[in-house]
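# Inside the fold
One letter stands for each residue in the lines below.
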Amino acid sequence: MQIAYKNIKRSQRTYLAYLLSSTVTILLFYLFSAAAMHPNLTVIENGSTLSIALGAGNFIIYGFSFLFIGYSSWAFLMSRGKQLGTYIILGMSPKQMKKMLFWENVLIGLVAIALGLIGGILFSGLFFKLVSNLFGMGDFQLYVPIVPVLLTTVLFFGLFLIIGWLTPRFVSHQKILYFLKSDRSYAQRIQLSLLKIILSGLVLGGLISLLTPSIGSRFGEMWTPLLGACGVGFIFLLTPQLGAIYVNVKKSSKDYLKGINLFATSEVSTSLKENTTMLSLNTLLLTVAFLTICALGSMERNVLKSVTSIMPFPYIYIERPENTHALTDIKRLDDQLLSMEGVEKISYEILRKEYGYGFLKASDFNQILIAKGTPPMELASQRVLILPGDKNMKLKNLSLLPEAKEQLNEFLTGDLEVQKVEQMVSQTGAYRYIYVIDDPLWQQLKDQAADNLSIESYTAYQDKQWLNHLKVADELEKELAQDEIDWDYSYSFSTLGRYYESELLTKKLCLFVGVSISIIFLGASVSLIYFRLYTSLDREQQKYHALYKLGFSRQEMYQTIGRKVRWLLWAPFSIALSMMWLGVFYIESQTAISILTLSLKYSALFLVLYFLFYGIVVRVYRHKFIEE
């Protein structure tokens, strides 16, 4: 334990990234736990939903922490080969090495847990205020977080114990020669491989094919794991090959032997060899972070457009034949809603075929269109309009079912003329299709097909200012709410306000958890770069100082360092941004709501942040090389 403590104290700079990343992860885990277990969530409306979402975020954070901390510990061990080889030469046994490495992890873990908890407690007030304002929840005050503190301590101490026990076993069985040649063994061969380039192209083709609905739908539940496997495979195949392509292009250039090109290309090649796994992993982390922020950000932004497609009107009361209190309910709605300025009442009936389709008469349909601000449509006796019963149903997929066609043909002599119209007249999912027919034909169906069709009477209220009347919608929902135990199927009452608040809460939760996890992924990406640069700093300093004595100018060394750092940072970023846009175009093709503008803004933000990070890294790294 004493040797472990001295190692950490002597190499504080090297351990710093590992410690800070672990601390930030623990801090976020604690904050999520403290918010999820807040006593006020039991009395706040929607509190249980928030608690579950924060708990789910915690689960993801903890799972990622295990992978990230484990990889960081393993990579750190690989970079200390000569030091460990020296210990073995001096007589350290494999058992003693395991013990030393175990205590290093435990000591770092204890410090990270302490710093994470202290930071979490200090920032908990600000975090609770953020949660309260974001989700519109009052009385989200500070409390004594005994359970979150214990939970965070136990889980992360256990995690560091497991990592401390596992990682030494990867190196303790190696021979001395392996450690003394660690600089060479850690560098992987990087060669241009036509086979790997072709394979990465095939994997990309498979990825794009899976994003095509006609192909992707065939895989059912296997679609998500296959998509993830293709994405990860493409990243790990392509990233090393981009470096190999760069090196080969530079070597074949006419200017290869001019100036610093020979040495700079050699430096980039060596850096790519040593960091192949890190570059691929960094690309994966950035891809996940970019896609998460972009996708979830677009969800929260488009709540209003998404919700208004659920129902044709802000308030809908549906009466079925068994209903005995419809008059009382509708009078209550009239008294409340028609007293507000600009509210219009619309009544219509749909002949319903159970779990399938329905028939709406033309006069009622035109009444709906007028209320929606759309010109009415003329309908001949042989003409049928097909409306979608679900908001996600595309116009081209609308059809006249054989059973419905047979029912209509019983009362018609000529051929039916079909027209598809994109207009919702009921709650999404209530029907598969709704067919608009002329009034006499509808009345015949009602009179003679009573055994096959049931009547649903709709009383709807158009309110263009419904977003300003959310409290009214909430009061009416509570007053006309269904009994959860003794459900009354004779009626239903829905408001856009309830859907809007529920959808907004869900999207905000997704965005909140997603952004928090993305911050961890971005932090992990930065930490990996910092970690790899600084674990090789001493060796690189010796090399550059020797070259400086041989006549290399400071400016030439600046240029060489700049090229190397550029590849380590911008190669993963470029691939990740491309993968993000592939995801954006897929989302764009599957939804009616455009996210291109939002994605461009996020891309610009990512570029600005990464330019700042790149500038800081280059400046600090050059200073460490040349000024020290």
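The paragraphs below set out a description of the structure included in this document. (Residues numbered from 1 in each chain as written. Predicted model: local features only at pLDDT ≥ 70, side-chain atom pairs only at ≥ 80, totals over all residues. Heavy atoms only, no water.)

### Some remarks on the sheet that holds strand β5 (residues 417-420)
Quick note on the threshold: Each pair of strands is called paired provided DSSP finds at least two bridges between the two strands. Here a helix means four or more residues in a row that DSSP labels H or I, a strand means two or more in a row labelled E, and each is numbered from the N terminus. Axes here mean lines fitted to C-alpha atoms, for a helix over just the part in contact, with angles spanning 0 to 180 degrees between N-to-C directions. Working rule for contacts: check all heavy atoms of both residues, and any pair within 4.5 Å makes them a contact.
Taken together, eight strands build an open sheet; the order of strands is β5-β4-β6-β3-β2-β7-β1-β8 and the sheet is mixed. Here the strands that pair on one side only, and so sit at the sheet edges, are β5 and β8 (491-495). Ignoring strand direction, the axes of neighbouring strands in this sheet form an average angle of 25°. Sheet contacts for helix α15 (residues 326-337): β1 (315-319), β2 (344-352), β7 (454-462) and β8; angle to β1, the most-contacted strand, approximately 165°.

### Some details on the packing of α15 against helix α19 (residues 470-479)
Filter applied, for reference: An angle below 35 degrees is read as roughly parallel, one above 145 as roughly antiparallel, one from 65 to 115 as roughly perpendicular, and any other as oblique. Crossings are classed by handedness, with left-handed meaning an anticlockwise turn of the near helix from the far one by less than a right angle and right-handed meaning a clockwise turn.
At a minimum axis distance of 12 Å, the contact between α15 and α19 shows a crossing angle of 165°. Here α15 lies roughly antiparallel to α19, going by the angle between them. In terms of crossing hand, the pair formed by α15 and α19 is right-handed. On α19, the residues touching Arg332, Leu333, Gln336 and Leu337 of α15 are Val472, Leu476 and Glu479.

### Side note on the environment of Leu385
Its location among the elements puts Leu385 in strand β4 (residues 383-388). Placed 36 residues apart in sequence, Leu385 and Val421 show a C-alpha to C-alpha distance of 6.5 Å. Leu385 has contacts with Phe365, Met377, Leu379, Gln419, Val421, Ile434, Tyr435 and Val436, leaving out every residue within four places of it along the chain.

### A word on the pairing of β7
Threshold: Relative accessible area decides the class of each residue, using a 1.4 Å probe on protein chains only: under 20% of the type maximum gives buried, over 50% gives exposed, and in between gives partly exposed.
Most of β7 is tucked away, with seven of its nine residues classed as buried. Bridging between β1 and β7 involves five bridges; their strand directions are antiparallel. From the neighbouring strand, Glu319 faces β7, where its bridge partner is Ser457. Of the strand pairs in this sheet, β2 and β7 are connected by nine bridges, and their pairing is antiparallel. Following the sheet pairing, Leu351 is matched in β7 by Ile455.

### Quick notes on the packing of aromatic side chains
Inclusion rule: Pairs were defined over the aromatic rings of Phe, Tyr and Trp, the Trp ring being its six-membered one, requiring ring centres within 6.5 Å. Orientation was assigned from the angle between planes: stacked under 30 degrees, edge-to-face over 60, tilted for the rest. Charge over a ring is defined by NZ of Lys or CZ of Arg lying within 6 Å of the ring centre and within 35 degrees of the ring normal.
Here the structure, examined in full by the defined rule, presents 19 aromatic pairs. Here the aromatic rings of Phe290 and Phe606 are separated by 4.2 Å at their centres, their planes lie at 10°, and the arrangement is stacked. You can see Phe290 sitting in helix α13 (residues 276-301) and its partner Phe606 sitting in helix α23 (residues 596-626), a full 316 residues away along the chain. Aromatic side chains Trp570 and Phe573 sit 5.1 Å apart centroid to centroid with 80° between the ring planes, which places their arrangement in the edge-to-face category. Of this pair, Trp570 and Phe573 both sit in helix α22 (residues 554-590), separated by three residues, roughly a single helical turn. For the pair Trp570 and Phe573, a shared accessibility class is recorded, and that class is buried. Over the aromatic face of Tyr431 sits the side chain of Arg352, whose NZ or CZ is 4.4 Å from the ring centroid. The cationic tip of Arg498 hangs over the ring face of Tyr499; the distance from NZ or CZ to the ring centre is 4.6 Å.

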